[in-house]
Amino acid sequence: MNNNINICIVDDDEIYQFTMAATLKAFNSIKKIIAFKDGLEAMDFMLDNLSNEKELPDIIFLDINMPVMDGFQFMEEYVKIHPKVGKKIIIYMVSSSVDEVDIERAKKISQISDYIIKPIRETQLKNILGQLEEDGKL
Amino acid sequence: MVEKHIENSSLLELLEYTNQLGKIGVFKFDALTEDIYWNDIMREIHEVDDNFTPTIQNIFCFTEAGATNDKLKRGHLDTLKHDTPLKIEHEITTARGNKRFVQCTTQPTFSNGKLTNILGTVFDITERKLSERELLQRNKQLNFAEEIAQIGYWEWDPINDKFIWSDNLYKIFGLEVGIEMSLELLVSRVHPDDKEHVQQVTMDLFETKKFKKFTYRIIPPKGAIKTLEVLGQVECDDSGNIVKLIGVTQDITHRIATEHELTQKNQNLLLAENIAKIGFWQWIPEKDEFIWSENLYRIFEYEIGTKMSMELFSARFHPEDLEKINQNVNKFMEKGVFEKYSYRILLPNGTIKVLEVLGQYITPNEKNKQQILSGVIQDITDRVDREQELRNKNKLLNMASQIAKMGYWTWKIEEDKHIWSDNLYTILELDPNTKLNSEIVLSLVHPDDKKTCEDAMKSGIATKKFPKFRHRRICKNGAIKTLELSAEVILNKNGDIVEFIGTTLDITDIIKNEIELLKANNNLKESKMKLTARNKQLAEFNHITSHNLRSPVSNLNALLGMFKDPTYEDLKEELFQKFEIVIDHLTLTLDTLVESLKVKHEANKSIQKLSFDETLNKTKEILAAEIIQTNAIIKCNFTDVPKIVYNKIYLESIFLNLIGNAIKYKSKDRVPEIEIESKETNGKVHLSFKDNGIGIDLKQHGDKLFGLNKVFHRHPDAKGIGLFLTKAQVEAMGGTISAQSEVNVGSTFTVTLN
């Protein structure tokens, strides 16, 4: 296992951030975990590091409901900057919402790999990371 | 007698006797002496007495001057010239003035070429001549009769092909009288279609030697086709060969046409009888004799020609009508009065027919007291059926108009007469015998609608069109009915109005139903709106549970999972702190939800008249610290609407939240300024809160502005609860809340209170 995976968590829920980070730290393959409280903070970071491959995340766990800039608004901006991003980034939409409207909307965005309903269990994360490595996406 | 004379007389006497018997007059003219001798018969014929001495001068006075005399004289001269005897018949007038026909024969005697004497006889042929005349006359008459009867006589000698035709036969054939006839000529006149028939008849005739009457058509040179009927007899010689045929030919063209016409007329009559279902009858009661027309048999369904009797006749009577028929027959027998009446007959197949009978005496013979009745019977089943149908339909129409609450009326303009159907009287609860004119009709109209009615009537007359209109009427029992009138105008030849015919529909119930329906519809609309609002609230609540409740619960789950996992043993203390945060958050969310539900249910509690000024002052007291801290300026204008009836807690909450927000999200660069205003537009009170704060990007957040836990700024106190509750309170009171905002300029929240 290569331990060079950058993970980005975008969520205003500090408890979620805490539990996610704690869980992910157990994976040896993960090099770094960065967290943002809203979409705008995350987007600012992306814009600052457009060509900085080392700093850009490999996987983003993006929450929907956030102040200032929510998940969907972040995706709108991301689609605009996507061609300039110097790295292949896998984005998971994460929400506690089981609302079909949200799920359908997320699935329509091609840059989003999947929609994950909170809470994310450890086994689920393991499967996601394992699968991505197998597919050679990482 | 004759024999006796012969015995007793000499030859001369015999001659004289013969002369006398034959009435032969003898005369002798002596050319030398010019003496004329007449014997007694001569004198007798001319009725002259013995003293008469005939001379050359006086003998011609017996004959008529002119033609006869000239003829006589010429005859004599011819005789003298040619020495030939003269035989001439002529008329004489006797000395007594009687007219006679005589036959005169003269024989001159010459000696040495010189006339010596003339000997002559005169024979009285009056009787013969008269017979001849009569015959001629008869013949003429016969010809005339022939002509009238259109008959011609003929004889035919087939061996020599010789015909003898009477004049009229020529006329019938359109041929010149007297021309020589031949079979060829005859056949040439026969109609082409009948030639074969005539040939066949002729052939049959020669074979059977019997003449059969036959008819054929001819085409005369001029005029139309004629139909001829031929009758004849055959005469044969000893060897049985036909030598002669004689016969009569009659032109029956007219007869055939008449016959045809008659047949046609008879057929028409039968047809008419059949169509009208009428039968004729005669009855002699004493003899029980009936004469029935064919159609009567048909009506009674007896075979045509069956000998009728009272027994057969009455066998068809409908049992229920027997008494009625008997009564009528008796009445008639006793009183001799035949009144038209109808009865039913029952036919063997079960069909019932209704008949109408009419009769009268045709020969009331007092002497032998034999009564003959004659009359007609008409099958009126169809008529009765139709009448019944009409009655039924009328009944149905009446029923329909009663059900539809419809009445019919006619308004005769000139007489100003209103004729109403029974149901119209019923609808307006009037006595059906009430006579109506416009004044009475108008008097029944509701006072408020009187002008409408008068205008409609006037307009109807003026424009010749009747406008459909509604009006109310007051019934006798005081009830008010709404009526709808529509009508058509009937004009005369000159285009003047004769009358209006129309209908009046009682639409009282319809209108009542309409109103109720409208009400129900409005209720339905209101319910729908309420339901839509409730639905929206439910959807919102669903959203809240999906987001706002699920996330803390999932956090709890995640923390619990870590707490149980020995891997995170060293994080336990931190985990406990996190548990506390989540539980606090969950508690707040649940409290807010409970609060919002309470707001929805308690909207109508503690409603009272509130002053905006007082409410604002109370809010300022609560926010006193923040106002002092930020130097916030609060302006207000409640002059348009100073007071409102509202839920006190909610109004205070609205003021507190909106003013609080305006201060909380103030711009760093500006002193907060807040303007509050109350206004009334379209009957609704609007309350606006305008600030100069940081503003919100409504393009991005507009749909979430009033959502639970929605925050738009990284403000430490932003919890997304204030506006959520404000909206719940405003909506619970039947109002709305909206916002206008520009980032870094300010926001305006407008609350429509009711």
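Residues numbered from 1 in each chain as written. Chains lettered and ligands numbered in written order. Predicted model: local features only at pLDDT ≥ 70, side-chain atom pairs only at ≥ 80, totals over all residues. Heavy atoms only, no water.

In the annotation of an unreviewed UniProt entry, chain B is listed under the name histidine kinase and assigned to Maribacter sedimenticola. The record held by UniProt for chain B lists under Catalytic activity (unreviewed entry) the comment "ATP + protein L-histidine = ADP + protein N-phospho-L-histidine." (UniProt positions renumbered as here; feature names shortened; annotations may be inferred.)

Under an unreviewed UniProt entry, the name given to chain A is Response regulator receiver domain-containing protein, and the source organism is Maribacter sedimenticola.

The next thing to look at is the overall build of chain B. A count of helical and extended segments in chain B gives 23 helices and 27 strands. The C-alpha atoms of chain B give 70 Å as radius of gyration, which overshoots the globular expectation for 754 residues (27 Å, by more than 25%). Burial status across chain B gives 37% buried among its 754 residues. Pairs at least 24 apart in sequence give 51% of the contacts found in chain B among residues at least 6 apart. Here chain B holds 99 positive side-chain charges and 111 negative ones, and the gap between their average locations is 9 Å. (Helix = DSSP H or I, 4+ residues; strand = E, 2+ residues; numbered from the N terminus. Rg over C-alpha atoms; globule rule 2.2 N^0.38 Å. Buried < 20%, exposed > 50% of the residue type's maximum accessible area, 1.4 Å probe, protein only. Contact = heavy atoms within 4.5 Å. Lys, Arg positive; Asp, Glu negative; His and termini not counted. Charge placed at Lys NZ, Arg CZ, Asp CG, Glu CD.)

Taken residue by residue, the interface counts 27 residues in chain B and 27 residues in chain A. Around 2200 Å² of area is buried between chain B and chain A when both sides are counted, 53% of it from carbon and sulfur atoms. Joining chain B to chain A, the criterion identifies 1 salt bridge. Here Lys-578 of chain B and Glu-14 of chain A are joined by a salt bridge, their closest N and O atoms 3.7 Å apart. Our count for the contact surface shared by chain B and chain A stands at 1 residue pair in polar contact (both at pLDDT 80 or more). Of all elements in the fold, only α17 (508-564), α18 (572-601) and α22 (698-701) of chain B reach the threshold of two or more residues within the side of chain B that touches chain A. Ranked by residue count, the leading element in the side of chain B that touches chain A is α17 of chain B, at 11 residues. (Buried area = accessible area lost by both parts, 1.4 Å probe. Salt bridge = Lys/Arg side-chain N within 4 Å of Asp/Glu carboxyl O. Polar contact = N/O pair within 3.5 Å; in protein donor to acceptor, adjacent residues only side chain to side chain.)

We now examine the packing of aromatic side chains. Residue and element names in this part refer to chain B. This structure, assessed with the given rule, holds 37 aromatic pairs over all chains. Relative to Phe-689, the ring of Phe-655 lies with its centre 5.2 Å away and its plane at 85°, an arrangement referred to as edge-to-face. On the criterion of sequence distance, the pair formed by Phe-655 in helix α21 (residues 648-664) and Phe-689 in strand β25 (residues 684-690) is long-range, its members being 34 residues apart. On the basis of relative accessibility, which here comes to 0%, the residue Phe-655 falls in the buried class. When the centroid spacing of 6.2 Å and the interplanar angle of 80° are considered together, the rings of Phe-706 and Phe-749 count as edge-to-face. With Phe-706 in the loop between α22 and α23 (722-732) and Phe-749 in strand β27 (residues 746-752), this residue pair connects regions lying 43 residues apart in the sequence. (Phe/Tyr/Trp six-rings, centres within 6.5 Å; stacked < 30°, edge-to-face > 60°.)

Before going further, it helps to examine the UniProt feature "modified residue: 4-aspartylphosphate" (unreviewed entry) in chain A. All names here are of chain A. This chain's UniProt record puts "modified residue: 4-aspartylphosphate" (unreviewed entry) on Asp-63. Locating Asp-63 in the fold gives a position in strand β3 (residues 59-63). Looking at Asp-63, the relative accessible area reads 4%, which means it is buried. Excluding residues that lie within four positions of it along the chain, Asp-63 makes contacts with Val-10, Asp-11, Asp-12, Gly-71, Val-94, Ser-95 and Lys-118.

Now for the pairing of strand β6 (residues 151-157) of chain B. All names here are of chain B. Bridge analysis of β6 against strand β10 (residues 242-251) gives 6 bridges, and the strand direction is antiparallel. Across the sheet, Trp-154 pairs through a bridge with Gly-247, a residue of β10. Across 4 bridges, β6 lies against strand β7 (residues 162-165) in antiparallel orientation. Residue Asp-157 lies in a different strand from β7, and its bridge partner there is Lys-162. (Pairing = 2+ DSSP bridges.)

Turning our eyes to something else, we now look at the sheet that holds strand β17 (residues 417-420) of chain B. Residue and element names in this part refer to chain B. The 5 strands are arranged β17-β16-β20-β19-β18 in an open sheet whose pairing can be described as antiparallel. Two strands close off the open sheet at either side, each with one partner strand: β17 and β18 (469-474). Adjacent strand axes in the sheet meet at a mean angle of 30° when their direction is disregarded. Here 6 bridges tie β18 to strand β19 (residues 480-491), and the two strands are oriented antiparallel to one another. Bridging from a neighbouring strand, Ile-474 pairs with Ile-480 of β19. Strands in contact with helix α16 (residues 450-463) are β16 (406-412), β17, β18 and β20 (497-506); relative to β18, the strand with the most contacts, it is inclined by about 135°. (Axes fitted to C-alpha atoms, helices over the stretch in contact; angles between N-to-C directions.)

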